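One letter stands for each residue in the lines below.
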Amino acid sequence: MPKFRTFCTYTTVVLTASTIVFVLCVCGCGVVVRSVGEGIENVGNSLKEGRRGTLTPEEQFWAKTAWKYFENNYHPKTGLINVKDGFQLATMASVGDYLLALIAARDFEIISRHEFDGRMSAILSFLNNMPLFNNELPNLNYSANNGWMSNYANQQGELGWSAMDIGRLMVALRIVRDRYFEYGEYIDRAVLRWSFCNVIDSLGNLYGGTRVGDRIEHYPDGKLGWKEYAARGFQAWGFPTQKSSSLDPVDVIRMYDIDLMFDGGDERESNGNNALVTLPFLFDGMEFGWENVGYITTDKRYVTQAQSVYEVQKRRYEREDIFTARTTRILPEEPYLIHDAIFSNGNKWNTCSEDGTYYPQFSAVSVKAAFGMWVLWKTAYTDKLIMVVNLLFDPERGWFEARLERSGEVERSITLATNAMILECLYFKKNGRIYQPIGNSDYFYNIYLRDEFKNFNKCFPTKRE
Amino acid sequence: MKRHIHISPLLLSLFCFVLQTTVPVFGQIKSNYGNHPGRNGALSAREMEMARTAWKFFEKNYQPQTGLVNAGDQYPSTTMWDISAYLGALVAVVELGIIDQNTFDGRVTKLFDSFSKVELFQNELPNKCYNTITLEKVNYANQPGEIGFSAIDLARFLIWAKIIKERHPQHADRIDSCVLRWNFKNVIDSTGQMYGAFSEGGQVKYVQEGRLGYEEYSAKGFQLWGFDTRRAAKPEPYDTRSIYGIEIPYDKRDPRVLAAHNYVVSESYVLDGIEMNWDTALDDVSTDMKHTDPVIAEFAERIYKVQEERFRRTGIMTARTEHQLDKDPYFVYDAIFTDGYPWNTITEPGKYVPEFAAVALKAALGLWVLWDTKYTDKLFEYISKAFDPQVGYYEGIYEKSQQPIKAFTMNNNGIMLEVLLYKVKGKLLRFSGRESKWDKAIKEREVRPESFILQRQISKAIPPKAKK
């Protein structure tokens, strides 16, 4: 029973809360994917402050500890990993997280080439065979052990899709594709299975889908932070994303003399939230350096916002002596998903559930946010911050989720997202910007889409006006 | 004349001085105190008609047997806040010549005679509500029973009792006798913080009362009677939210944790302006063009500016404050900012109800008199016809439908009257210098020492400094 409820909540979170990562790219409309935007200049590396270099023995130990999670929660039959320790559910965001963890584990030689290939083959095989919601797009949830589409109770059934989850997966697929040519064709085929007509419109707005009785309802998906990150994923596969790549509509809140942007949509009438959290900015920083990379562009304000998101948390520590590294987390108890936000629903340092209810008792230093801040900003603050979290692990099971602000108690949930984040952070430390474009447009995906007899009515970029 | 609060007080005084000495304004009545902020001068025929119409409410809802007036049209209940609006209305109509001195004296005498007889909550202070026909303590449903007291309501009453004492000293002793019955031991603590009381399951509970705006206004009310409300008088704790680039101050105490909302509305700042000129409570020296409570004066300026700016940018007429409705939920905090959101309209439990946003007449007229601008000219035109000639002015005009809120209240009509009086007379609190019964009682310590803190401590209260 407790598991069941946890599961439901988590799923909801992943789907609608924009908690999970996605990437998009902005490209010109109606142009062949790869050639679009190739003239855009990479504006250089703005990550000069970050931590770089080979892993220290301690960091190698951190990575090995994180990888324990992926050993314990692996389902060889499907290739999937549980989203939470022992909880047999997977989402597209969790698959994206996993793919990056997998290339990190191989890079650190925690796993052999043989094991890497086995795992990669299994997950690509899953992506090319999994049932799709309404035969369009990946469902919100899949059973990690059976591979079928599942509902909030993780029983067989379909729910809908999240553009945020799909965006995160598309970023991860792009990254892996451009680093490992030997898997590129099969990654392309997985993406080519989907139909994009209802998830992104011609202006680049992103939509989620959900089944309501016999109908499928579409809703605008993504709030500031996650929305632009998910847009990177769609853009990476050639979709124009002007609207979702733009931070607008923005509103501004001043916190510790920093003007911080937050989502300007009004969440009061929808009983939702507009949580501003750290994680999407960390992903974007490690993967794209908050810049235009090749043809994958983003809003010029995103880098400023990312810097502000870091700075305001640092200042909270400096002025209030409260360690701060906040992001959305999965909880072991009600309400199961918590937006531990910098700003949400009109309040600074708000900690609220999906519907905006205030839960100050769950404010915490998030392990994944702290690691991300540590690796992207090499400062006295993150030197201290990492000390708050760097012992929060079980050597046999992986890293815990957080340390609670009001008591110091360790929140002992163990999740895929946190363990994958630690591997990704260390991969970034060792290799620098994670997305490295290949600069070649003659690959399977583009060749396939150029063939007008093969691209039927699924609204891929070449067929858009 | 448009005021610029950002310039230094010295410059401001010089500016006024020049204006007064070299620019005689045609048709203006000069009070002994010189010009005041906003609109000055005798009422025009239209404005006078507005005053007469607002007074209709008080004629129609007068209860001759008790001398009280219903707070809502035909609803025989009232609060200390609403009684204060009645006092304001009475002073306005007698000084504007709408009623004669005898009528005024009769009404004031009757009211305070009745009030000296009412039963107090826990034998301490006036209950939150009274029945206007029977004088019984009642609950919000106007059923007999005591429910508590409100420090803010009492403070507004004390401000108006003081204004009448000083402007019409023939009533001073009667008013003092009434207030000397009260026991202040639970309404202010030794740090100068104010408390309200309520009954819960037979137990009386005292909780801190007042949020930014109302709290500082109320703190002055107690200071006028010699109490030390240092902590309440401080604008802290506050934060600001930028709305259209204007830093709007709001109370930092968290509405998610504490029951009280932190609504920012026009009313507290307007009342502080017209009654006390945004001065410190006991300032009887400075001219009306100088504000000796500069923080509140600056906040008031921003409260005005942001509403004008909203009109400029969106075309929506804006003059917001808490107000009644003509349908369920009957009352909203129609705020410039509250509970995290700009232009938020919420019910008492905090539900978002944007459909009840409105131009509140008392706020619109208050802005009109304190800020002489083209925007407030428009506000005046917008509200000037929203009345029923038999009952008085409507509560407001709904923002979306632009239909009137068909509710009539004593508070709305009373504030409109005192606003009109301000145009003619400036700051309404004028000190006579006369020693009253209350002053003597304090001096001779006839009031129990634990029930208040002596006047001499007031002089130590330092005016709050502006936050940089």
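Residues numbered from 1 in each chain as written. Chains lettered and ligands numbered in written order. Predicted model: local features only at pLDDT ≥ 70, side-chain atom pairs only at ≥ 80, totals over all residues.

Description of the overall build of chain A
Working step 1: For chain A, the helix and strand inventory stands at 14 helices and 19 strands.
Working step 2: When burial is assessed residue by residue, chain A has 53% of its 465 residues classed as buried.
Working step 3: A fraction of 71% describes how many contacts in chain A between residues 6 or more apart in sequence connect residues 24 or more apart. (Helix = DSSP H or I, 4+ residues; strand = E, 2+ residues; numbered from the N terminus. Buried ≥ 20, exposed ≤ 12 C-beta atoms within 10 Å, placed from the backbone. Contact = placed C-beta atoms within 7 Å.)

Digging into the overall build of chain B
Working step 1: Counting its regular elements, chain B contains 15 helices and 22 strands.
Working step 2: Intrachain contacts of chain B at a sequence separation of at least 6 include 67% that bridge at least 24 residues.

Some remarks on the sheet that holds strand S9 (residues 195-200) of chain B
All names here are of chain B.
Working step 1: The strand order across the open sheet formed by three strands is S8-S9-S10, and the pairing between neighbours is antiparallel. Edge strands, defined here as strands with exactly one partner in the open sheet, are strand S8 (148-149) and strand S10 (203-208).
Working step 2: Pairing of S9 with S10, which is carried by six bridges, proceeds in the antiparallel orientation. The residue bridging Gly 196 from the neighbouring strand is Val 207, located in S10. (Pairing = 2+ DSSP bridges.)

Details of the sheet that holds strand S6 (residues 129-131) of chain B
Residues and elements named next belong to chain B.
Working step 1: Spatially, S3-S6-S7 is the arrangement adopted by the three strands of the open sheet, whose pairing is antiparallel. Both outer strands of the open sheet, strand S3 (77-79) and strand S7 (137-138), are each paired with one neighbouring strand and no more.
Working step 2: Pairing between S3 and S6: three bridges, direction antiparallel. Looking across to S6, one finds that Ser 77 is bridged to Asn 131.

Concerning the nonpolar core
Working step 1: If you look at the biggest cluster of nonpolar residues, it comprises 129 residues, and the most contacted ones within it are Ala101(A), Ile342(A), Ala370(A), Met373(A), Ile422(A) and Leu423(A).
Working step 2: Top element by residues in this core is helix H3 (residues 92-107) of chain A. It accounts for 11 residues.
Working step 3: Setting aside residues no more than four positions away along its own chain, Ala101(A) makes contact with Phe70(A), Asn419(A), Ala420(A), Leu423(A) and Glu424(A).
Working step 4: Formed by 121 residues, the second largest nonpolar core is a distinct cluster that contains Ala51(B), Leu111(B), Cys178(B) and Phe356(B). (Core = buried A, V, L, I, M, F, W, Y, C linked by C-beta atoms within 7 Å.)

Digging into the packing of helix H2 (residues 57-72) of chain A against helix H13 (residues 416-431) of chain A
All names here are of chain A.
Working step 1: Running from N to C, H2 and H13 point in directions that differ by 145 degrees, and their axes come no closer than 9 Å. Both H2 and H13 take part in a crossing whose hand is left-handed. Facing H2, whose interface residues are Glu 59, Trp 62, Ala 63, Ala 66, Trp 67, Tyr 69 and Phe 70, H13 presents Leu 416, Asn 419, Ile 422, Leu 423 and Leu 426.
Working step 2: When its residues are assigned to classes, the contact of H2 with H13 shows 10 nonpolar, one polar and one charged. (Axes fitted to C-alpha atoms, helices over the stretch in contact; angles between N-to-C directions. Left-handed = near helix turned anticlockwise from the far one by under 90°. Nonpolar A, V, L, I, M, F, W, Y, C, P; charged D, E, K, R; others polar.)

Section: the packing of helix H9 (residues 266-276) of chain B against helix H10 (residues 294-314) of chain B
Residue and element names in this part refer to chain B.
Working step 1: Taken N-terminus to C-terminus, the directions of H9 and H10 make an angle of 130 degrees; their axes are 10 Å apart at the nearest point. Between H9 and H10, the crossing angle belongs to the class labelled oblique. H9 and H10 meet at a crossing whose hand is left-handed. Only Ile 296, Phe 299, Ala 300 and Ile 303 of H10 make contact with H9, whose side of the interface consists of Ser 266, Tyr 269, Asp 272 and Gly 273.
Working step 2: Tallied by class, the residues present in the contact of H9 with H10 amount to five nonpolar, two polar and one charged. (Parallel < 35°, antiparallel > 145°, perpendicular 65-115°, else oblique.)

Some remarks on the interface of chain A and chain B
Working step 1: Tallying the contact residues gives eight residues for chain A and six residues for chain B.
Working step 2: Among the residues forming the side of chain A that touches chain B, the class breakdown is two nonpolar, three polar and three charged.

A short note on unusual backbone geometry
Working step 1: Following Glu334(A), the chain continues to Pro335(A) via a peptide bond in cis, the omega torsion being 0 degrees.
Working step 2: Structurally, Pro335(A) can be placed in the loop between strand S11 (328-330) and strand S12 (337-340).
Working step 3: Here the residue pair Glu236(B) and Pro237(B) is connected by a cis peptide bond, since its omega of -5 degrees sits within 30 degrees of zero.
Working step 4: With respect to the helices and strands, Pro237(B) occurs in the loop between helix H8 (230-233) and strand S11 (238-243).

Quick look at helix H13 (residues 410-425) of chain B
In an α-helix there are 3.6 residues to a turn, and that puts residues three or four apart on one side.
Residues and elements named next belong to chain B.
Working step 1: The end-to-end C-alpha separation of H13 is 22 Å, in line with the 22 Å expected for 16 residues at 1.5 Å each.
Working step 2: With respect to burial, H13 is a largely interior element, 15 of its 16 residues being buried.
Working step 3: Note on H13: the residue one or two positions beyond its end, Gly 426, has a positive phi of about 75 degrees. (Expected span 1.5 Å × (residues − 1).)

Considering the confidence of the model for chain A
Working step 1: Averaged over every residue, the pLDDT of chain A is 89; the share at 70 or more is 89%.
Working step 2: Residue range residues 1-46 of chain A is modelled with pLDDT below 50. Its contacts to residues more than four positions away, or to other chains, number 161 contacts. (pLDDT = per-residue confidence, 0-100.)

Overview of helix H5 (residues 163-179) of chain A
Working step 1: For H5(A), which comprises 17 residues, the first-to-last C-alpha distance of 24 Å matches the rise-based estimate of 24 Å (1.5 Å per residue) to within 8%.
Working step 2: Where burial is concerned, most of H5(A) is hidden: 15 out of the 17 residues are buried.

Focus on the environment of Gln155(A)
Residue and element names in this part refer to chain A.
Working step 1: Relative to the assigned elements, Gln 155 resides in the loop between strand S5 (149-150) and strand S6 (160-161).
Working step 2: Classification of Gln 155 as exposed rests on a count of 12 C-beta atoms within 10 Å.
Working step 3: Along the chain, Gln 155 and Asn 141 lie 14 residues apart, while their C-alpha atoms are 9.6 Å from each other.

Concerning the environment of Glu395(B)
Residue and element names in this part refer to chain B.
Working step 1: Here Glu 395 lies in the loop between strand S20 (392-393) and strand S21 (396-398).
Working step 2: Overall, Glu 395 belongs to the buried group, with 24 C-beta atoms counted inside 10 Å.
Working step 3: A C-alpha to C-alpha distance of 22 Å links Glu 395 and Val 306, two positions 89 residues apart in sequence.
Working step 4: What Glu 395 contacts, discounting residues up to four positions off in sequence, is His 323, Gln 324, Ala 360, Leu 361, Ile 405, Ala 407, Phe 408, Thr 409 and Asn 412.

So, the pairing of strand S14 (residues 331-334) of chain B
Residue and element names in this part refer to chain B.
Working step 1: With three bridges joining them, strand S13 (residues 322-324) and S14 adopt antiparallel strand pairing. In the strand pairing of S14, Gln 324 is matched with Phe 331.
Working step 2: Turn length for the S13-S14 hairpin, with the two strands adjacent in sequence and antiparallel, is six residues, and the turn residue Tyr 330 shows positive phi of about 70 degrees.
Working step 3: Pairing between S14 and strand S17 (residues 345-346): two bridges, direction antiparallel. Looking at S17, one finds that Tyr 333 is bridged to Ile 346.

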